[in-house]
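# Residue-level structural notes
Here's the letter readout for the chains.
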Amino acid sequence: MKNKCWVIKIGSALLTNNGKGIDKGLIANWVEQIVDLKNQNIDVILVSSGSIVEGMKRLNWNEKPDDIHKLQAAAAVGQMGLIEAYESLFARHDIHTAQVLLTRDNLTDSKRFENITSTLENLLEFGTVPVINENDTVATEEIKFGDNDTLAALVTNLMNADRLIILTDQHGVFDDDPRNNSDAVLIDKIHYQDERLEKVAGRGGSSIGSGGMYSKVMAAKTATESNTPTCIAWGREERVLTRIFEGQHIGTIIHC
Ligand code: GLU
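Residues numbered from 1 in each chain as written. Predicted model: local features only at pLDDT ≥ 70, side-chain atom pairs only at ≥ 80, totals over all residues. Heavy atoms only, no water.

## Observations concerning the environment of Ile116
Condition: Helix and strand definitions follow DSSP, with helices as H or I runs of at least four residues and strands as E runs of at least two, each counted in order from the N terminus. Accessibility here uses a 1.4 Å probe with only protein chains present; expressed as a share of the type maximum, an area under 20% marks a residue as buried, one over 50% as exposed, and anything in between as partly exposed. What makes two residues a contact is simply this: any of their non-hydrogen atoms within 4.5 Å.
Along the polypeptide, Ile116 turns up in helix H5 (residues 110-125). The class for Ile116 is buried, based on a relative accessible area of 10%. Along the primary structure Ile116 and Ile132 are separated by 16 residues, whereas in three dimensions their C-alpha atoms are 11 Å apart. Ignoring anything within four residues of it in the chain, the contact list for Ile116 reads Leu102, Asn106, Leu107 and Leu158.

## Digging into the sheet that holds strand E8 (residues 252-255)
Where we set the bar: Pairing between strands requires that DSSP locate at least two bridges from one strand to the other. Whenever a helix is involved, its axis is fitted only over the stretch in contact; in every case the axis is a line through C-alpha atoms, and angles between N-to-C directions fall within 0 to 180 degrees.
Ordered in space as E3-E4-E2-E1-E5-E7-E8-E6, the eight strands form an open sheet in which the pairing is mixed. What marks the edges here is a single partner per strand, and that holds for strand E3 (97-102) and strand E6 (189-191). The sheet shows a mean angle of 20° between the axes of neighbouring strands, direction not considered. Sheet analysis places strand E1 (residues 4-10) next to strand E2 (residues 42-48), joined by seven bridges and oriented parallel. For Ile10, the partnering residue across the bridge sits in E2 and is Ser48. Docked against the sheet, helix H2 (residues 24-39) engages E1, E2, strand E4 (129-134) and strand E5 (163-168), running at close to 150° with respect to E2.

## Some thoughts on the packing of aromatic side chains
Definition in use: Any pair of Phe, Tyr and Trp rings, taking the six-membered ring for Trp, is counted once the centres come within 6.5 Å. Such a pair is stacked with planes under 30 degrees apart, edge-to-face with planes over 60 apart, and tilted for the rest.
A complete count under the given rule lists one aromatic pair for this structure. Ring geometry for Trp6 against Phe245: centres 6.5 Å apart, planes inclined by 55°, an arrangement best described as tilted. Separated by 239 residues along the polypeptide, Trp6 in strand E1 and Phe245 in helix H10 (residues 240-245) bring together distant segments of the chain. We classify Trp6 as buried; its relative accessible area is 3%.

## Digging into the side chain of Ser49
The line we're drawing: Any pair of nitrogen or oxygen atoms within 3.5 Å is treated as a polar contact; in protein, a donor-acceptor pairing is required on top of that, and neighbouring residues in sequence qualify only through side-chain atoms on both sides.
Within the secondary structure, Ser49 sits in the loop between E2 and helix H3 (51-58). Within the structure, the side chain of Ser49 is placed 2.8 Å from the side chain of Asn148, a separation counted as a polar contact. Here Ser49 is in contact with Lys9, Ile10, Gly11, Ser12, Leu15, Leu82, Asn133 and Asn148, once residues within four sequence places are set aside.

## Focus: the layout of surface pockets
Note the threshold: Here the term cavity refers to a set of points on a 1 Å grid, laid over the protein atoms alone, in which a 1.4 Å probe fits but cannot get out; the term pocket refers to an open set having protein on both sides within 12 Å along at least five of seven lines, with lining residues being those that place an atom within 4 Å of a point. Grid points are joined across faces, edges and corners, and a volume is the space filled by probe spheres set on the points.
Roughly 210 Å³ of internal volume is contained in the second largest pocket. If you trace the second largest pocket, you find it lined by Lys2, Asn3, Cys5, Asp43, Thr117, Glu121, Leu124, Glu125, Leu158 and Met159. The leading source of residues in the lining of the second largest pocket is H5, at four residues.

## Comments concerning the state of the cysteines
Heads up, the condition is: For this text, the term disulfide refers to a pair of cysteine sulfurs within 2.5 Å.
Applying the stated criterion across every chain yields a total of zero disulfides. No disulfide involves Cys5; its nearest neighbouring cysteine sulfur is the one of Cys256, lying 15 Å away. Among the residues examined, Cys5 registers a relative accessible area of 6% and is labelled buried. In this structure Cys231 is a free cysteine whose sulfur lies 13 Å from that of Cys256, the closest cysteine sulfur available.

Written as structure tokens, this is what we have:
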């Protein structure tokens, strides 16, 4: 029987502990859970942000520069830390990771689309965990709208994945902005066409991550093209991935 496939996207603010640097302890937790998922015949593709933030830390920059080429340089530096962290933590479980850098353009060109699909299929077949990020050196638009959320949704559709999980530093989608309204309530389940969704998502991102809740909601809508539900959940929630696998309700599920 064909394995199931989950695409798991991890955001910068979460992964770097709000800019402090790659949180290896946190990643080690997810890695253990992903190993368990793999043992249950679930293939996992990671889409990981964090390279720019990690690069800024390595280069001792306190503020995010506006200059796109400085951001690209920071991404190139930080990507090394990112892959080192994933590779070393998965190696403890005898699992190889594979670095895949993509731009959105790559996913609209049919020949490249085919190449990417075949490569990812092979990587999963070989038992590796592909770790995807934007190819920030060339992807200026993406850096501006910081959108690994979109990339994760496109990869979900490309692989016909069974689930898209977006791990973030928020608990999910609220019925109002929880930063301004302490009475805001977490929406646990919502249809992708429900008009509350776009309204409540808001456009603002944090200064660390760049997409904000809006791009996550948009990504969830995109993922419905392959009939895939999305779960947006707080990445620090205990055993978050294992509990989702067990069918527990965590964060917000955006369904088709
Ligand atoms: N690709 C960038 C990074 O890894 C940013 C992606 C995003 O924030 O969505 O830092």
